[in-house]
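Structural characterization, general
Given next are the chains, with one letter for each unit.
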Amino acid sequence: MATTNLFVELLVIGVGAACWVLLFMLGLIGVDLFPLQAALGYPVLVFLLPLVYVLGIISDRMADFVFDKLFSGPLRARYFADRRDYQDARRLVISSSSRLANMHDYGRTRIRICRGWSLNALLIALALQFVMRAHVFTTPGSDAALTWAAAACVLLSMASWWSWYMICSWEYLKIHEHAEFLRQTSYQEPLKIAA
């Protein structure tokens with residue numbers, strides 16, 4: 001995978017993480033959250049880009065941990081005996097063809113983004129509820145707006161999870177099929193170097 005693709009992936013995930021972090025901070029601190037931004041203007045947002053990237057890394061690792069513990073194992077078990085069997089098949093497929101490697105990298109990108117946003121959208125919904133309970137906004141209708149926004153985030157989380165599930169299922173199936181094909185056509189796997 002190109003470094004640029006991974007950077008963009010983590011930024012896309014990091015934007016969601018930044019949303020729920022800022023919302024929780026808003027609920028804790030109050031409305032006047034950005035006096036520095038108000039003093040310096042919008043160019044200060046450029047300096048937040050590295051923070052968004054780091055939040056993307058953290059959020060991606062959190063989502064990976066949660067999904068691996070709750071969902072990935074049973075899904076992977078449909079096609080592979082264990083994690084090692086999957087890794088061997090994936091290594092065989094990726095090392096056999098740059099075209100297949102690129103196709104699977106694209107799938108991994110979509111999996112990572114859907115997984116990250118499934119968790120981020122759920123945390124944004126919780127953060128919106130926290131903001132509402134903290135009575136940060138007192139304008140008429142703000143509670144209803146926050147409730148609808150939280151409901152939309154829960155729907156986004158569910159849609160992201162469903163997308164992750166479908167893409168991940170397809171990836172496991174394709175890796176299984178490609179590996180079986182390569183084994184049947186006597187593809188010579190690169191020698192493994194003992195550690």
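This paragraph deals with the overall build of the chain. Secondary structure summary: the chain contains six helices and zero strands in total. The helix and strand sequence of the chain, counted from the amino end, reads α-α-α-α-α-α. Expressed as a percentage of the 195 residues in the chain, the buried residues total 37%. Taking the contacts inside the chain whose residues are at least 6 apart along the sequence as the reference set, 82% of them involve residues at least 24 apart. For the chain, the exposed surface amounts to about 11900 Å²; the carbon and sulfur share of it is 69%.

Right, let's get into the nonpolar core. Counting 23 residues, the largest nonpolar core has Trp20, Leu23, Ile124, Leu128 and Val131 as the members making the most contacts within it. Mapped onto this core, the elements with two or more residues apiece are α1 (3–29), α3 (49–77), α5 (98–133) and α6 (142–184). Examining the composition of this core, we find that 10 residues originate from one element, α5, more than from any other. What tryptophan 20 contacts, discounting residues up to four positions off in sequence, is Met62, Asn120, Leu123, Ile124 and Ala127.

Tracing the backbone through its elements, the reader meets isoleucine 175 in helix α6. By relative accessible area, which is 2% here, isoleucine 175 ends up buried. Once the C-alpha coordinates of isoleucine 175 and arginine 91 are considered, the two residues, 84 residues apart in sequence, prove to be 9.4 Å apart. Not counting residues within four places of it along the chain, the set of residues in contact with isoleucine 175 comprises Phe80, Tyr86, Ala89, Arg90, Val93 and His104.

Relative to the assigned elements, arginine 90 resides in helix α4 (residues 83–96). Measuring from C-alpha to C-alpha, the distance between arginine 90 and histidine 104 comes to 9.0 Å, with 14 residues separating the pair along the chain. When neighbours within four sequence positions are excluded, arginine 90 is seen to be in contact with Asp105, Arg108 and Ile175.

Within the structure shown, the criterion is met by nine salt bridges. Between aspartate 88 and arginine 91 there is a salt bridge, with the nearest N and O atoms lying 2.7 Å from each other. Residue aspartate 88 and its partner arginine 91 are both found in helix α4; the two are separated by three residues, about one turn of the helix. Accessibility expressed as a relative area gives 17% for aspartate 88, which makes it buried. Each of Asp60, Arg61, Asp64 and Arg115 takes part in salt bridges that share partners, so that together they form one network.

What follows concerns the packing of aromatic side chains. In this description, an aromatic ring pair is defined by two values, namely the gap between the centres and the angle between the planes. By the definition in use, this model includes 13 aromatic pairs. Judged by centre distance (5.1 Å) and plane angle (70°), the ring pair of phenylalanine 67 and phenylalanine 71 falls under edge-to-face. You can see phenylalanine 67 and its partner phenylalanine 71 sitting in helix α3, four residues apart, about one turn around the helix. Looking at phenylalanine 67, the relative accessible area reads 4%, which means it is buried.

What follows is about α4. Compared with the 20 Å implied by 1.5 Å per residue over 14 residues, the 20 Å span of α4 between its first and last C-alpha is a close match. Within the span of α4, buried status applies to Tyr86, Asp88, Ala89, Leu92 and Val93. Taken around the axis of α4, the buried residues stretch over an arc of 165°, which confines them to a single face. Each element contacted by the buried residues of α4 is listed here: α3, α5 and α6. For α4, the N-terminal capping position is held by aspartate 82, with its side-chain oxygen 3.2 Å away from the main-chain nitrogen of arginine 84.

Take the layout of surface pockets next. Counted as a void, the second largest pocket has a volume near 270 Å³. Of all the secondary-structure elements, those providing two or more residues to the lining of the second largest pocket are α3, α4, α5 and α6. A total of six residues in the lining of the second largest pocket trace back to one element, the largest contributor, which is α3. Grouping the constituent residues of the lining of the second largest pocket by class yields six nonpolar, two polar and nine charged.

Cut-off values and rules
Residues numbered from 1 in each chain as written. Predicted model: local features only at pLDDT ≥ 70, side-chain atom pairs only at ≥ 80, totals over all residues. Heavy atoms only, no water. Helix = DSSP H or I, 4+ residues; strand = E, 2+ residues; numbered from the N terminus. Buried < 20%, exposed > 50% of the residue type's maximum accessible area, 1.4 Å probe, protein only. Contact = heavy atoms within 4.5 Å. Areas by Shrake-Rupley, 256 points an atom, 1.4 Å probe, with all protein chains shown as cover. Core = buried A, V, L, I, M, F, W, Y, C linked by side-chain atoms within 4.5 Å. Salt bridge = Lys/Arg side-chain N within 4 Å of Asp/Glu carboxyl O. Phe/Tyr/Trp six-rings, centres within 6.5 Å; stacked < 30°, edge-to-face > 60°. Expected span 1.5 Å × (residues − 1). Arc of directions from axis to C-beta. Polar contact = N/O pair within 3.5 Å; in protein donor to acceptor, adjacent residues only side chain to side chain. 1 Å grid on protein atoms, 1.4 Å probe; cavity = no way out; pocket = protein on both sides within 12 Å on 5 of 7 lines; lining within 4 Å. Points joined across faces, edges and corners; volume = space filled by probe spheres on them. Nonpolar A, V, L, I, M, F, W, Y, C, P; charged D, E, K, R; others polar.

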